[in-house]
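# Fold and geometry: a report
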Amino acid sequence: MAVSLPATASPTAAAVAAPAAGHVVVDGVSIRYRADGHDVHAVDNVSFEIRPGEKFILLGPSGCGKSTLLNAVAGFLRPTAGRILLDGTTIQRPGPDRVVVFQEFNQLLPWRTVLGNVAYPLRVARNLGRQESDARARRFLDMVGLDRSVGAYPHTLSGGMKQRVAIARALALDPAVLLMDEPFASLDALTRTRMQQELNGIWAQTRKTIFFVTHSIQEAVLLGSRILVLTPGPGRLRAIVENAADGAPLDSPEFAAMESQVRGLLALPLDGRGES
Ligand code: ADP
Ligand code: MG
């Protein structure tokens, strides 16, 4: 599946996008860390598949190995056992076909403007000229609602705006898979809800494969096409569920039913909502 670009894409911008499917296969993956002379078993024999163009959520309690798995898909670390494939090729190292948006607000270059933060990686990783990279950066900053902040420096932005820049930067690079590790966890509740809705809107426009990590049941149900539930560490696969409430309003019975199903899978007491 070719990734469709927004209708305003110039021919040059469209040419940036290497045809990307974004099909991820995680096959029998176990990951151990060696720390202070002993082994930490972070992920235990996990297998799943992310279909091209889906919003795939990895949900589990803190410390269950979510970031570890995401970092392995990013290529930052290698599985101790098993393998991970992207579009049929084993992932060995990081690459521009996978871009990560992290939780931390300080993932931007402080000495570059908002525009520079999005355009510069396009020049380096995609070999675009200044004009092309600036035009493409503006288009994606537009998409995340930052068209009026292109000249601002990161220290002048709110946390939500910084995360928007990071998302625009990731999308502009047109990776096969967008990896998101609790990108909204540090935002205030109102901004978080708005960003979640915006991400759904962006996904509807780009149909990008998204691998999204969260410990929030509500966020998983708001954003996921499918939700993988991990057990507490070492992370094992408890279940993969189709999200019957994908696109349903927060206050709908479908949403509540899905939250309750997922909460049951996490085996939390009913009053422990698993939210931060
Ligand atoms: P999550 O993202 O679900 O909160 P992590 O993947 O960060 O969980 O961590 C899973 C387990 O692996 C935890 O027990 C954590 O302490 C451990 N861990 C994570 N990173 C390292 C590391 N670099 N070295 C040693 N242990 C680690
Ligand atoms: Mg984590």
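I will try to describe carefully the structure that is included in this document. Everything quoted here is computed from the prediction, not taken from an experiment.

Okay, the overall build of the protein next. Along its length, the protein carries 8 helices and 10 strands. When each of the 276 residues of the protein is scored for burial, the buried share is 42%. For the protein, long-range pairs separated by at least 24 residues make up 69% of all intrachain contacts whose partners lie at least 6 apart in sequence.

Within the largest apolar cluster, 75 residues are counted, with the highest numbers of intra-cluster contacts made by L59, V73, V118, A168, L179, F211 and V262. Here this core takes 7 residues from helix α5 (residues 159-172), the largest share from any one element. Setting aside chain neighbours within four positions, we find V262 in contact with L59, I217, A220, V221, I227, V229 and V241.

As a structural note, the neighbourhood of ligand 1 is formed by 13 residues, with Y33, A42, K66, S67 and T68 the closest of them. For the shell around ligand 1, the secondary structure elements donating two or more residues are β1 (24-35), β2 (38-50) and α2 (66-74). For the shell around ligand 1, the per-class residue count stands at 5 nonpolar, 7 polar and 1 charged.

Turning next to the sheet that holds strand β5 (residues 89-90). The strand order across the open sheet formed by 4 strands is β2-β1-β4-β5, and the pairing between neighbours is antiparallel. Looking along the sheet, the strands with just one partner apiece sit at the ends: β2 and β5. The sheet contact formed by β1 and strand β4 (residues 81-86) spans 5 bridges and is antiparallel. What sits directly across from S30, in β4, is A81.

Most of α2 sits out of view: 7 of its 9 residues are buried. The set of residues buried in α2 consists of K66, T68, L69, L70, A72, V73 and A74. A positive phi of about 90° marks G75, the residue just after α2.

Quick look at the pairing of β1 now. On any regular strand, side chains alternate: one points to one face of the sheet, the next to the other face. The sheet contact formed by β1 and β2 spans 9 bridges and is antiparallel. Across the sheet, the residue bridging to A35 is H38, located in β2. Between β1 and β2, which pair antiparallel one after the other, the connecting turn spans 2 residues, and D36 there sits at a positive phi close to 50°.

Attention now moves to the pairing of strand β3 (residues 55-59). Within β3, 5 of the 5 residues are buried, leaving the element largely enclosed by the surrounding structure. Across the two faces of β3 the burial is the same, with K55, I57 and L59 and F56 and L58 all buried. Where β3 and strand β8 (residues 209-214) come together, 5 bridges link them in parallel fashion. The partner of F56 across the bridge, within β8, is F211. Sheet analysis places β3 next to strand β9 (residues 226-230), joined by 4 bridges and oriented parallel. By the bridge assignment, L59 is partnered in β9 with V229.

You will see that D87, though not glycine, has its phi angle at about 45°, which is positive. Tracing the backbone through its elements, the reader meets D87 in the loop between β4 and β5. For D87, a count of 16 C-beta atoms within 10 Å corresponds to the partly exposed category. With a phi close to 55°, R207 is a non-glycine residue in the positive phi region.

Attention now moves to the sheet that holds β8. A sheet is described by the order of its strands in space; here 6 strands give the open sequence β6-β7-β8-β3-β9-β10, paired in mixed fashion. Edge positions in the sheet fall to β6 (98-101) and β10 (237-242), since each of these pairs with one other strand and no more. Taking each pair of neighbouring strands and ignoring which way they run, the sheet shows an average axis angle of 15°. Running over the sheet, helix α8 (residues 253-265) touches β3, β9 and β10 and is turned about 165° from β10.

The rules we used
- By convention here, each chain's residues receive numbers from 1 onward along its written sequence.
- Each chain gets a letter, beginning with A, and each ligand a number, beginning with 1, in the order they are written.
- Totals for whole chains, interfaces and linings use every residue, but because this is a predicted model, local features are given only for residues with pLDDT of at least 70 and side-chain atom pairs only at 80 or more, for both listing and counting.
- Strands are runs of DSSP state E lasting at least two residues, helices are runs of H or I lasting at least four, and both sets are numbered from the N terminus onward.
- Whether a residue is buried, exposed or partly exposed follows from its count of other C-beta atoms within 10 Å of its own C-beta, namely 20 or more, 12 or fewer, or something in between, respectively; the C-beta atoms are built from the backbone.
- A residue pair is marked as a contact if its C-beta atoms, positioned from the backbone, fall within 7 Å.
- Any set of buried Ala, Val, Leu, Ile, Met, Phe, Trp, Tyr and Cys residues joined through C-beta atoms within 7 Å is what this text calls a nonpolar core.
- Note on definitions: a residue is near a molecule or strand provided its C-beta atom, placed from the backbone, lies within 6 Å of it.
- Residue polarity follows a fixed list, in which Ala, Val, Leu, Ile, Met, Phe, Trp, Tyr, Cys and Pro are nonpolar, Asp, Glu, Lys and Arg are charged, and the others, Gly among them, are polar.
- For two strands to be treated as a pair, DSSP must find no fewer than two bridges joining them.
- To get an axis, fit a line to the C-alpha atoms, keeping to the stretch in contact for a helix; angles then go from 0 to 180 degrees between the N-to-C directions.

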